[in-house]
Amino acid sequence: MHRVGIIHGESIIRAVLAAVGRRGVVMRNNDTEGIVAAMVEAEKSTGLRLMAVHAHPDDESSKGAATMARYVAEGHQVMVVTCTGGEAGSVLNAAMDTPEVRGRLTDIRREEMARAAKALGVEHRWLGFIDSGLPEGDPPPPLPEGCFALVPAEEAAEPLVRAIREFKPHVVVTYDENGGYPHPDHIHTHAVSIAAYDAAADPERYPAAGEPWQPLKLYYTHGLSRARMRAFHEALLAEGLESPYGEWLQKWDPNKPDVMDRVTTQVPCGEYFEYRDEALRSHATQIDPNSRWFAVPLHIQREVWPTEEYELVRSLVDTSIPENDLFAGVTAES
Ligand SMILES: [Zn+2]
């Protein structure tokens, strides 16, 4: 089921095409669903834009995906920018771990990303950097030459500045200084995002990367919260279900602050969890359909924790914390 509903019948499609044509909307694909989505876009467009910057294909589906699906459904434009091609990812789904898949993993990950973007209704852009891989071992091996994490942030920011100046987002989402988890590409995504966010409006910076654009708000996305994990753990046990979180919670250092301490903004998006899950499943080489991503039934998720969490770190508009909307205080004219 598509969230905007599918309209069947040739005459309707022709009428839609005419309507879309009048508004000058560029259609992204040629199937019926794309036409209807374009129509809804034209009818409902709020003129507000959100850009989410991620390290690898699949990160967009595990961090803030339901928020993006919701904003698309509400008529905002959403673009996911992926810094690297995910070339160094291993195949994490046993059912997909075949020589054929491993032989063309880069292409497969591009196809998976395209499916995930379609599931969420977002536009997508690659920055084209090479995945640094997760160095494992003690001491960890050096990062491969030419990889994303070794490109200085000032240099790597240029294509992101260009993307910001072209897409003109009002709101930008990225990772915090810890990268959400300590993968070198995630930490670097943070540094590059900050560099690009701060330079995008300055005509003297990156003059070859387009006309300056000033985004209004910058957020960090926060996924892995102990409070949320505990809530799911308790709800699963209360329903007599198995919980995959028991061991994690036991190992969790009680003195370590929870990311919830940093959260300023909880976006209600429970109605869009199916779209997040569809996007996750699109990354079939990375996400095992039997994994913990799908361990909590959706009715429990909606009841216990129907939001996604963010931390507001820059704002040029008035807003009051706590917020429940990344666009709070933002108007298309601001
Ligand atoms: Zn990643």
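Every value quoted in this text rests on a predicted model; they were computed, and no experiment measured them.

Thoughts on the environment of Gly 180
Item 1. Among the secondary structure elements, Gly 180 is positioned in the loop between strand S4 (171–174) and helix H8 (184–199).
Item 2. By relative accessible area, Gly 180 is classed as exposed at 54%.
Item 3. For the pair formed by Gly 180 and Thr 221, sequence separation is 41 residues and the distance between their alpha carbons is 8.0 Å.

Remarks on the packing of helix H7 (residues 153–167) against H8
Item 1. Contact geometry of H7 with H8 gives a least axis separation of 8 Å together with a crossing angle of 55 degrees. If you check the angle between H7 and H8, you find them oblique. Considering only the axes of H7 and H8, their crossing is right-handed. Across from Ala 153, Glu 154, Ala 156, Ala 157, Leu 160, Val 161, Ile 164 and Arg 165 in H7, the residues of H8 making contact are His 188, Ala 191, Val 192, Ser 193, Ala 195, Ala 196, Tyr 197 and Ala 199.

A closer look at the confidence of the model for the chain
Item 1. Predicted confidence across the chain gives a mean pLDDT of 88, with 87% of residues reaching 70 or more.
Item 2. Between residues 1–30, whose pLDDT stays under 50, and residues either more than four places distant or in other chains, the model counts 43 contacts.

Thoughts on the coordination of the zinc ion
Item 1. Coordination of the zinc ion by the protein is provided by His 56 (ND1), Asp 59 (OD), Asp 59 (OD) and His 186 (NE2), with metal-donor distances spanning 2.1 to 2.7 Å.
Item 2. For the zinc ion, the four donor atoms are set out with angles of 52 to 145 degrees between them, so the coordination reads as irregular.
Item 3. Within one chain, the residues donating to the zinc ion are spaced in sequence as H-x2-D-x126-H. With His 56 in the loop between strand S1 (49–54) and helix H3 (59–62) and His 186 in helix H8, this pair connects stretches of sequence that are 130 residues apart.

Analysis parameters
- Residues numbered from 1 in each chain as written.
- Predicted model: local features only at pLDDT ≥ 70, side-chain atom pairs only at ≥ 80, totals over all residues.
- Heavy atoms only, no water.
- Helix = DSSP H or I, 4+ residues; strand = E, 2+ residues; numbered from the N terminus.
- Buried < 20%, exposed > 50% of the residue type's maximum accessible area, 1.4 Å probe, protein only.
- Axes fitted to C-alpha atoms, helices over the stretch in contact; angles between N-to-C directions.
- Parallel < 35°, antiparallel > 145°, perpendicular 65-115°, else oblique.
- Left-handed = near helix turned anticlockwise from the far one by under 90°.
- Contact = heavy atoms within 4.5 Å.
- pLDDT = per-residue confidence, 0-100.
- Donors = N, O, S within 2.8 Å, 3.2 Å for Na, K, Ca; no water.
- Tetrahedral: all angles 85-135°; square planar, octahedral: opposite > 155°, others 65-115°.

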